Amino acid sequence: MKRRNFFGGAALSAVAIASVSRVAMAALPEPVLMGKPDTAPPLVPSTGRPYNPVVTLNSWTLPWRMNQNVKEFHLVAEPVVREIAPGMNATLWGYNGQSPGPTIEVVEGDRVRIFVTNKLPEHTTIHWHGQRLPNGMDGVGGLNQKQIPVGKTFVYEFIARRPGTFMYHPHADEMTQMAMGMMGFWVTHPKEKHPMIQEVQRDFCFLLNAYDVDPGSTTPMVNTMLDFNLWTWNSRAFPGIDSLNVRLGDQVRIRIGNLTMTNHPIHLHGHEFVVSGTDGGPTPAGSRWPEVTTDIAVGQMRQIDFLADEEGDWAFHCHKSHHTMNPMGHDVPTMIGVDHRGLVAKIQKLVPDYMVMGERGMADMGEMQMPIPDQTLPMMTGTGPYGPIEMGGMFTMVKVRKDQKPGDYSDPGWYQQPAGTQSFEWTGNLPEPARFKSEMASIDGQVPGLQGTPVAAVATPTTTLTVRKPGAGMHKGH
Ligand SMILES: [Cu+2]
């Protein structure tokens, strides 16, 4: 097949399909399927330009074949069963056996040919979010191309023109297909040293996604607009999300794409990072500043870089606290401070499984063994070396170890805090409160005439602030 077949102008997709079905169908790259939700080791390139491959959290990189200097990939859009966390499988749509689909990794300047076979019950397309490409390859069904009918294979072909981090997803019945999990990552490595892309020892990527799966069922509700109940990274919820394991002193990059319907402030403990890239490309050095949280808006990618120079198990999570929980009812009244004594025993005579939620906060939820429906995750879960972690959803850890081998991404287990470096229970006598004297000392000599006056007396406001509320009619006319 000659390249010009693919760039023949208006009849582009028709030509591509005809060519493929008549000539090349028999010679399509064998589709590679993945049966596990594990974090696959980096796929070190055996053909083409070398690069330092990424590791996709609880996912994998799609192998390619080199066909006369074209990297050929084969994506199969199909229904899949995805383990969200041990104990819960969801019926999703995805690519090549999993949701999200495999990461596609190429090098700036590569000519890429992607065969997309549609095994879904409805038509689809793929849009290559963020890429520079011919308009007819942009994948918006009805606008740039005909939809890919059920059972057919279409071809996308373009040159990966700029290095960066991109995403792919359908642009056909988009709300349904993305709510069902159809999405994937794309990384284009620079072809040579790039002034704005630093070399790193560890390079991770994952997508933020969300589902609305009723407790006890397996298929997401696709008409949900905002009220999702499963907040996931690469269609996994904690404790199903693998840790990001690095070696002390590694320069680390994490690429995070948001294909949910809300923003996620992603927060790393123990280190500062810079946002080194967006979907638009690497950020100039002058635009970078240290952060410990970066907000990732809908449809955005943020690439963060940091030096892993503190050993330990560092929490890494979305800072919206309801996104680090698994499904729960939000219509439960707050019961903190309500005394249930005596009530539970009475109710348990009638309903043996009855448990009180939230009388002393919600922490009991991390421990209790309340019966839950099959195919449902506990709301707050995951057990660490010191007990329940009380997290679900968008939570994992960055594990930094000095004895982690270069290139080894395996989980080193829990961190052992050196003696004397961990918070501990105070068991001695409580010392005399030093507060009064020290606070007096800070006042003495500073405020004339106040020596010896208790702080509380100084701080007592003598003026009452009066707020004039707008009365009826005051907001008319603006
Ligand atoms: Cu979030």
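Above: the structure in question.
For clarity, every value in this text was computed on a predicted model and none was experimentally measured.

## Notes on the overall build of the protein chain
Stage number 1. Across its full length, the protein chain holds 5 helices and 23 strands.
Stage number 2. Counting across all 478 residues of the protein chain, residues that qualify as buried make up 46%.
Stage number 3. In the protein chain, of all internal contacts separated by at least 6 residues, the share reaching a separation of at least 24 is 72%.
Stage number 4. In the form shown here, the protein chain has an accessible surface area of approximately 24300 Å², with 56% of it arising from carbon and sulfur atoms.

## Section: the coordination of the copper ion
Stage number 1. Taken together, His264 (ND1), Cys318 (SG) and His323 (ND1) make up the protein donors of the copper ion, found 2.0 to 2.1 Å from the metal.
Stage number 2. All donor residues of the copper ion come from one chain, and their arrangement in sequence is H-x53-C-x4-H. Of this pair, His264 sits in strand E15 (residues 264–268) while His323 is found in the loop between strand E20 (312–318) and helix H3 (343–350), placing the two residues 59 residues apart along the sequence.
Stage number 3. For His264, a relative accessible area of 0% corresponds to the buried category.
Stage number 4. With a relative accessible area of 1%, His323 lands in the buried category.

## Notes on the pattern of salt bridges
Stage number 1. Under the criterion given, the structure shown has 14 salt bridges.
Stage number 2. Across the pair Glu72 and Arg65 runs a salt bridge whose closest N-O atoms are separated by 2.6 Å.
Stage number 3. By relative accessible area, which is 31% here, Arg65 ends up partly exposed.
Stage number 4. The salt bridge partner of Arg111 is Glu157, with a shortest N-O separation of 3.2 Å. With Arg111 in strand E6 (residues 111–118) and Glu157 in strand E8 (residues 153–159), this pair connects stretches of sequence that are 46 residues apart.
Stage number 5. What emerges from the salt-bridge pattern is a single network uniting Arg65, Glu72, Arg111, Arg113 and Glu157.

## Brief notes about the nonpolar core
Stage number 1. In this structure, Phe73, Leu75, Ile104, Ile114, Ile126, Trp128 and Trp186 are the most contacted members of the largest nonpolar core, which totals 31 residues.
Stage number 2. If near-sequence neighbours (up to four positions away) are discounted, Phe73 is found in contact with Pro29, Leu62, Pro63, Trp64, Ile104, Glu105, Val106, Val112, Arg113, Ile114 and Phe115.

## Section: the packing of aromatic side chains
Stage number 1. Across all of its chains, the model carries 13 aromatic pairs by this definition.
Stage number 2. Arranged with centres 5.4 Å apart and planes meeting at 75°, the rings of Trp128 and Tyr156 form a pair that is edge-to-face. Residue Trp128 is found in strand E7 (residues 127–129), and its partner Tyr156 is found in strand E8; the two are separated by 28 residues along the sequence.
Stage number 3. Note on Trp128: relative accessible area 0%, which makes it buried.
Stage number 4. With a relative accessible area of 1%, Tyr156 lands in the buried category.
Stage number 5. With centroids separated by 5.5 Å and ring planes inclined at 70°, the aromatic side chains of Trp128 and Trp186 adopt a geometry described as edge-to-face. Pair noted here: Trp128 is in strand E7 and Trp186 is in strand E10 (residues 184–189), with a separation of 58 residues, a long-range link. Side by side, Trp128 and Trp186 carry an identical accessibility label, which is buried.
Stage number 6. Taken together, the ring pairs in this structure connect Tyr95, Trp128, Tyr156, Phe158, Tyr168 and Trp186 into an aromatic cluster.
Stage number 7. Over the face of the ring belonging to Trp64 we find Lys71, whose NZ or CZ atom lies 4.6 Å from the ring centre.
Stage number 8. When the ring centre of Trp414 is taken as origin, the NZ or CZ atom of Lys399, which lies over that ring, is 4.5 Å away.

Criteria and cut-off values
- Residues numbered from 1 in each chain as written.
- Predicted model: local features only at pLDDT ≥ 70, side-chain atom pairs only at ≥ 80, totals over all residues.
- Heavy atoms only, no water.
- Helix = DSSP H or I, 4+ residues; strand = E, 2+ residues; numbered from the N terminus.
- Buried < 20%, exposed > 50% of the residue type's maximum accessible area, 1.4 Å probe, protein only.
- Contact = heavy atoms within 4.5 Å.
- Areas by Shrake-Rupley, 256 points an atom, 1.4 Å probe, with all protein chains shown as cover.
- Donors = N, O, S within 2.8 Å, 3.2 Å for Na, K, Ca; no water.
- Salt bridge = Lys/Arg side-chain N within 4 Å of Asp/Glu carboxyl O.
- Core = buried A, V, L, I, M, F, W, Y, C linked by side-chain atoms within 4.5 Å.
- Phe/Tyr/Trp six-rings, centres within 6.5 Å; stacked < 30°, edge-to-face > 60°.
- Lys NZ or Arg CZ within 6 Å of the ring centre and 35° of its normal.

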